[in-house]
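So you can see what is in the structure, the chains are spelled out below.
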Amino acid sequence: MASNSTKSFLADAGYGEQELDANSALMELDKGLRSGKLGEQCEAVVRFPRLFQKYPFPILINSAFLKLADVFRVGMLGSLASIIPERKNAHHSIRQSLDSHDNVEVEAAVFAAANFSAQSKDFAIGICNKISEMIQGLATPVDLKLKLIPILQHMHHDAILASSARQLLQQLVTSYPSTKMVIVSLHTFTLLAASSLVDTPKQIQLLLQYLKNDPRKAVKRLAIQDLKLLANKTPHTWSRENIQALCECALQIPYDSLKLGMLSVLSTLSGTIAIKHYFSIAPGNVSSSPRSSDLVKLAQECCYHNNRGIAAHGVRVLTNITVSCQDKDLLALEQDAVFGLESLLVLCSQDDSPGAQATLKMALNCMVKLAKGRPHLSQSVVETLLTQLHSAQDAARILMCHCLAAIAMQLPVLGDGMLGDLMELYKVIGRSATDKQQELLVSLATVIFVASQKALSAEVKAVIKQQLESVSNGWTVYRIARQASRMGNHDMARELYQSLLTQVASEHFYFWLNSLKEFSHAEQCLTGLQEENYSSALSCIAESLKFYHKGIASLTAASTPLNPLSFQCEFVKLRIDLLQAFCQLICTCNSLKTSPPPAIATTIAMTLGNDLQRCGRISNQMKQSMEEFRSLASRYGDLYQASFDADSATLRNVELQQQSCLLISHAIEALILDPESASFQEYGTTAAAHADSEYERRMMSVYNHVLEEVESLNRKYTPVSYMHTACLCNAIIALLKVPLSFQRYFFQKLQSTSIKLALSPSPRNPAEPIAVQNNQQLALKVEGVVQHGSKPGLFRKIQSVCLNVSSTLQSKSGQDYKIPIDNMTNEMEQRVEPHNDYFSTQFLLNFAILGTHNITVESSVKDANGIVWKTGPRTTIFVKSLEDPYSQQIRLQQQQAQQPLQQQQQRNAYTRF
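This section reports on the structure supplied with the text. Keep in mind that what you see is a predicted model, and the values were worked out from it rather than measured. (Residues numbered from 1 in each chain as written. Predicted model: local features only at pLDDT ≥ 70, side-chain atom pairs only at ≥ 80, totals over all residues. Heavy atoms only, no water.)

### Focus: unusual backbone geometry
We count it as follows: Secondary structure elements follow DSSP: runs of H or I no shorter than four residues count as helices, runs of E no shorter than two count as strands, and numbering proceeds from the N terminus.
Following Ser760, the chain continues into Pro761 via a peptide bond in cis, with omega recorded as 5°. Position of Pro761 relative to the elements: it lies in the loop between β1 (753–760) and β2 (770–773). Geometrically, the link from Gly872 to Pro873 is a cis peptide bond, its omega value of 5° lying close to zero. Along the chain, Pro873 falls in the loop between β8 (868–869) and β9 (874–882). With a phi close to 70°, Glu532 is a non-glycine residue in the positive phi region.

Spelled out as structure tokens, the structure:
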């Protein structure tokens, strides 16, 4: 019988043909776990993940885990530490299991103790003495001591606890000099110091002492590993003496493997604030010149070492010193860094092994950093890269192309000099269709787009298309077209998208590519804009809008329920509305010529007391345009807030579109509507030198130029003159002449974050309302789970979730009696912090008005920087407020008592009649 019931549950496809609720499904699984047959137990265990996916809520998951823990005993309990960290019966069970005579149970208890100590302060304080006694006890085997010691790394919840754990570890290091014990104790020591942040300097000194004095290689390696950890986590705690001691050890050590580890620590520190501490002038030192330091001496010795890892770290140290110490004359160090990078480039570009590629990446990163920090060295760096590109392996060429693109983005002046060599190389590569060759085609095309700065010449386009036609596949062509769209080369992108339309099998892909083709064509129409030619500008914008409308229709057809393309659709709609607003503003400016103010405009202005009315109807049109641009800026802000998963470049692009709207709005106000109170301080000129892309650099340059023009006209002339309208039209043309960049998030989502909400009580049928009496409050429980993609927290992480609950009255009941009303509306907000991606909270809602109410629950998130993002989702349920029985009874009694009186009044009226 039990076997049949188990089979009925394990029938798959939603736990059998008849759908079971959460409790029934859990009960069926529990039957399987308690079965006497091992096979049925195993099958029940593997069915639990399915149950968790279907019902991902803690009440069920906690119950299920406790049932599993009953099967797997204490080991499973340790895995539950993050869910039930403060469960006292679990704490007691672990303490009892530590005294067990069963070795398996003791090991499981140690595992559970470590997990609970990391999560619970109370458990850590309570178990610390127990762990100390076991470690120091003579009856405890050494192997068990080695497993117990790492638990002490979690004793960081307060200073007293951390201090007692540190004292115990200090005794262990001294009392047990064996290699294993020293390694485990030292590493636990380091992890405790890194977490507590109190004794980090002391721990650095201790590790340096063991590195210098302990002859065992294993201990030295452990010391280097832990020093690297502290260098990454707390570089500000490293003193000049610490770095000097590490340099002396590295200079004296005869083993390359250990020297490599020490240099790795130093190269990490050289890119942080620690390098400034090292070269700062100390009170007792006469001079601390970089050229005479042991760190520089070590780096110069190592930058030509026969071990390429040591050489790479040596060059990295020299590069970081050269970039960090900008106030010192370091010509010799600059040359050493450049020569060291060139030698590494020649050595590693001929080798396609993983080690060589890792070293090459480090060298190329140093080249980018050196070109940015010391611009006068950039030309020689670029020439070295271009020379080496011809003879390098394909894997190395790809990395070198990425490096060239990064340098050209930072220093656009170098782009023209690269183009000739790049085109020569593009003609000869790609003779086979291997993956590396395809990747190289994309990387090299990207560098060409970056180096071209403006529109591609016909020759460049012909060379790229010829190579793509001969050896590339469709995916490569799409990637190159995508890069062309990102770099603003829309004419090239349109041709590539057009060539791909017939190579896709899905109609959704066809519509997606067709929309991209139309958008590229639309942006290409704007390249014909010319200053002072406003009629041509109107025709260009109209032509662009025509293709944009075609593209948005295709984009809508490309969307699916699983991939709604919401960001793409909203971004394009905003672009269309922005172009229409630009077009309308140009027409408004032209109306000053076609429909000048009437002769009595001055009289009307004096009568109304509004000086702006003397300009005629253009004043009202300008006011409408200003409001339109402010509305567009607000919509761009909403799009920004809704793009939690977008990369920083995409968000910056949206921000630039918003600033364009605000700029035109400000220009209209400053030139025409309110020139006297216009302020230019908040719109001060912004340096474009720190821009991350050429598009941003050009947009910032336009902003500064427009602001200067507006400010000069604002001071010289009273509104409205042809010079004012010409300034506005020229500002629009200048903004549109910068080719729009379609950033990564438009094509590719690297981070995916979504929130799933569950409301209780919830109706069986979503269309049915929940019944509640009007004299009672509804306790609405909101549970949620944060769901991630393959790369959670790549750009930003959720710190807290904001839940907003509101209710509106949909329809009143038919009764005409009056009821005392308190708290007519519900509008509440709560912030909760997710725990293991789960959160839960409750709201008390009042429905005093009889009728059907619509409850809306909307979620937004706050990231680690305190920025609020409107991620959604938005969930709605219906509540029907009913009259409570007691009030209904009183009302009916009152009605019945009033009926005889009304009848008597009617009879009296008839009698009088």
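### What about the layout of surface pockets?
The condition is simple: Grid points spaced at 1 Å over the protein atoms alone were grouped into cavities, where a 1.4 Å probe fits but cannot get out, and pockets, open sets with protein on both sides within 12 Å along at least five of seven lines, with lining residues defined by an atom within 4 Å of a point. Grid points are joined across faces, edges and corners, and a volume is the space filled by probe spheres set on the points. By the convention adopted, Pro, Cys, Tyr, Trp, Phe, Met, Ile, Leu, Val and Ala count as nonpolar, Lys, Arg, Asp and Glu as charged, and the other residues, Gly among them, as polar.
Of the volumes computed, that of the largest pocket is approximately 1,100 Å³. Considering the residues around the largest pocket, the lining is formed by 40 residues, among which Asn563, Pro564, Leu565, Gln568 and Lys749 are closest to the centre. Sorting the residues of the lining of the largest pocket by element identifies α26 (474–487), α28 (507–525), α30 (566–594), α32 (618–642), α36 (744–747) and β1 as the ones contributing at least two each. Forming the boundary of the second largest pocket are 34 residues, of which Arg486, Met487, Gly488, Tyr695 and Ser741 lie nearest the centre. Among the elements of the structure, α22 (394–410), α24 (435–452), α26, α27 (490–500), α33 (648–673) and α34 (694–716) are those that each provide at least two residues to the lining of the second largest pocket. By residue number, the principal contributor to the lining of the second largest pocket is α33, which donates five residues. Among the residues forming the lining of the second largest pocket, the class breakdown is twelve nonpolar, eleven polar and eleven charged.

### Focus on the pairing of strand β7 (residues 851–863)
As a reminder of what qualifies: Under the scheme applied here, a residue whose accessible area is under 20% of the maximum for its type counts as buried, over 50% as exposed, and between as partly exposed, the area being computed with a 1.4 Å probe on protein chains only. Following DSSP output, two strands are said to pair if at least two bridges run between them.
Counting buried positions over the 13 residues of β7 gives eleven, a clear majority of the element. In this structure, strand β4 (residues 798–812) lies alongside β7, joined through 13 bridges in antiparallel fashion. Bridged to Ile798 within β7 is Asp863. Bridging between β7 and β9 involves eight bridges; their strand directions are antiparallel. Note on β9: the bridge partner recorded for Val857 is Thr875. As judged from the two bridges shared by β7 and β8, these two strands associate in the antiparallel manner. Across the sheet, Val861 pairs through a bridge with Trp869, a residue of β8. Taken together, β7 and the strand that follows it, β8, pair antiparallel across an intervening segment of four residues, in which Gly866 is found at a positive phi of about 85°.

### Regarding the packing of aromatic side chains
For clarity, the threshold we go by: Only Phe, Tyr and Trp rings take part, Trp by its six-membered ring, and two of them pair if their centres are within 6.5 Å. Stacked means planes under 30 degrees apart, edge-to-face means over 60, and tilted covers everything else.
Under the criterion given, the structure shown has 18 aromatic pairs. With a centroid separation of 5.6 Å and an interplanar angle of 25°, the aromatic rings of Trp475 and Tyr478 are classed as stacked. Of the two residues, Trp475 and Tyr478 are both situated in helix α26; the distance of three residues between them amounts to about one turn of the helix. Given a relative accessible area of 51%, Trp475 falls into the exposed group.

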